[in-house]
Amino acid sequence: MIMQQPLALDAFARSPMAVPPLARDAAGAIDEAANAAIIAHLEAGGVELLLYGGNAVFYHLPLHEYEPVLEMLARLPAATTQVVPAVGPTYGLMMEHAAMLRQHRFGTAMVLPHQGITTSSGVATGVRRFVEAAGIPALLYIKHEGFIEPEDAAALCRDGLISAIKYAIVRDDPADDATLRKLVDLVDPAMVISGIGEQPAIVHLRDFGLGGFTTGCGCVAPQLSVALRRAAAAGDWQEAERIRTIFEPLEDLRNAISPICVLHEAVAAAGIASTGPLLPLLDRVPAADRPAIAAAAKALLAEDRSGAMAG
């Protein structure tokens, strides 16, 4: 893998940023063949940006697995695919991860949000120290209200420490978001990506001018996710809305049960790759929910493939 540059903002206009699960074998070890199959599926669908964070359960990744996972993620994707690994969520892990990232060639890394024992200025200081230690800019992840205030995020951007911001605070009405409005008033909206999948992405791109979006369900239907991004880039909001609704059944299950656990199940149920067990402190979805997830995942994949045939 050649040395990757920090995220270029125009990359978000071409491709959604997929957030895949990290596949494991039945014994719980990293399954390289299954992860290669997931990456190949995404790349075949036109996805050029991969983010390994929450859906890959980097929150609970043992420290001894971090460098082997980095090595695998540096080797498996195509040279044209940009990979962003996550660090943290605690400050101690961020700094341990920074030292390991120094030995690899990733252009940026996402700082996972830690909820609870934080202050906004403290988070900003931690990000600054991580960037200095790792030697690469950070992708800032704003998932919880008050984790980092827009003013502190803007200061990090002004100092050249941030490659992009993933904004993922869930609202009942994504159009009614004072925090996001303040953020895009203080930083270039093109630096901010919608971080909650396809469902709020149209509102975030159209009404707030965000630069792109992340996708979980796009790991099942990458061509549809790419098509939604291209429709939005062309200002064809009617087509973007049509595609968005195709993702709803699986997204509704993720929201009702668990976004991470349902996606882990869905990728396997669709036949893309076996994903294996989840790390504690998570677990597989209840058996009663699996048939509905499998049906939604297979239907979404069929829509993805029918769209490709029609094209």
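Before reading on, note that the structure itself is shown above.
In what follows, the accompanying structure is described.

Definitions and cut-offs
Residues numbered from 1 in each chain as written. Predicted model: local features only at pLDDT ≥ 70, side-chain atom pairs only at ≥ 80, totals over all residues. Heavy atoms only, no water. Phe/Tyr/Trp six-rings, centres within 6.5 Å; stacked < 30°, edge-to-face > 60°. Buried < 20%, exposed > 50% of the residue type's maximum accessible area, 1.4 Å probe, protein only. Lys NZ or Arg CZ within 6 Å of the ring centre and 35° of its normal. Helix = DSSP H or I, 4+ residues; strand = E, 2+ residues; numbered from the N terminus. Pairing = 2+ DSSP bridges. Right-handed = clockwise from strand over helix to strand, strands pointing away. Disulfide = S-S within 2.5 Å. Salt bridge = Lys/Arg side-chain N within 4 Å of Asp/Glu carboxyl O. Core = buried A, V, L, I, M, F, W, Y, C linked by side-chain atoms within 4.5 Å. Contact = heavy atoms within 4.5 Å.

Describing the packing of aromatic side chains
Phase 1 of the analysis: Taken as a whole and assessed by the stated rule, the structure comprises one aromatic pair.
Phase 2 of the analysis: Ring centres of F58 and Y66 lie 6.1 Å apart, and the angle between their planes is 75 degrees; this geometry places the pair in the edge-to-face category. Both residues of the pair, F58 and Y66, belong to the buried class.
Phase 3 of the analysis: Across from the ring centre of Y141, 4.2 Å away, lies the NZ or CZ of K166, which sits over that ring.

What to know about the pairing of strand β8 (residues 212-215)
Phase 1 of the analysis: Neither face of β8 is left uncovered, since the one carrying G212 and T214 and the one carrying F213 and T215 both have all their residues buried.
Phase 2 of the analysis: Both strand β1 (residues 17-18) and β8 contribute to a ladder of two bridges, which runs parallel. The partner of M17 across the bridge, within β8, is T214.
Phase 3 of the analysis: Once you follow strand β7 (residues 192-194) into helix α8 (residues 201-208) and on to β8, the crossover reads as right-handed.

What about the state of the cysteines?
Two cysteines joined by a covalent bond between their sulfur atoms form a disulfide.
Phase 1 of the analysis: For the coordinates displayed, the defined rule picks out zero disulfides.
Phase 2 of the analysis: Unpaired in terms of disulfides, C219 finds its nearest cysteine sulfur in C217, a separation of 8.3 Å.

Regarding the pairing of strand β6 (residues 162-167)
Phase 1 of the analysis: Counting buried positions along β6 gives six out of six residues, so the element sits mostly inside the fold.
Phase 2 of the analysis: Once you follow strand β5 (residues 138-142) into helix α6 (residues 150-158) and on to β6, the crossover reads as right-handed.
Phase 3 of the analysis: Pairing analysis gives three bridges linking β6 to β7, with the strands arranged parallel. Directly across from I165, in β7, lies its bridge partner V192.
Phase 4 of the analysis: Read as a crossover between parallel neighbours, the route from β6 over helix α7 (residues 178-186) to β7 is right-handed.

Brief notes about the pattern of salt bridges
Phase 1 of the analysis: All told, the structure shown has 15 salt bridges when counted by the stated rule.
Phase 2 of the analysis: Salt-bridge contacts for R171 lead to D177; the nearest nitrogen and oxygen are separated by 3.1 Å.
Phase 3 of the analysis: Residue class for R171 comes out partly exposed when judged on its relative accessible area of 26%.
Phase 4 of the analysis: You can call D177 buried: its relative accessible area is 3%.
Phase 5 of the analysis: Ionic pairing is found between R206 and D207, a salt bridge with its closest N-O pair at 2.8 Å.
Phase 6 of the analysis: Given the relative accessible area of 34%, D207 is considered partly exposed.
Phase 7 of the analysis: If you follow the salt bridges from partner to partner, you end up with D10, R14 and E48 in one network.

A short note on unusual backbone geometry
Phase 1 of the analysis: For the peptide bond that leads from G88 to P89, omega is 15 degrees, which places it in the cis range.
Phase 2 of the analysis: By the element assignment, P89 lies in the loop between β3 (82-87) and α4 (91-101).
Phase 3 of the analysis: Residue P280 is joined to L281 through a cis peptide bond whose omega torsion reads 20 degrees.
Phase 4 of the analysis: By secondary structure assignment, the location of L281 is in the loop between α11 (259-269) and α12 (290-310).
Phase 5 of the analysis: Phi at V57 is positive, roughly 55 degrees, even though this residue is not glycine.

Examining the nonpolar core
Where a protein is soluble and globular, its nonpolar side chains tend to be buried together.
Phase 1 of the analysis: Among the nonpolar cores identified, the biggest contains 110 residues, and F58, F130 and I165 are the most heavily contacted of them.
Phase 2 of the analysis: With sequence-adjacent residues up to four places away left out, I165 is seen in contact with L139, L140, I142, A153, C157, L183, V187, M191, V192 and I193.

Some points on the side chain of H41
Phase 1 of the analysis: Mapped onto the secondary structure, H41 falls in helix α2 (residues 32-44).
Phase 2 of the analysis: Among residues more than four places away in sequence, those in contact with H41 are C219, V220, P222, I272 and L301.

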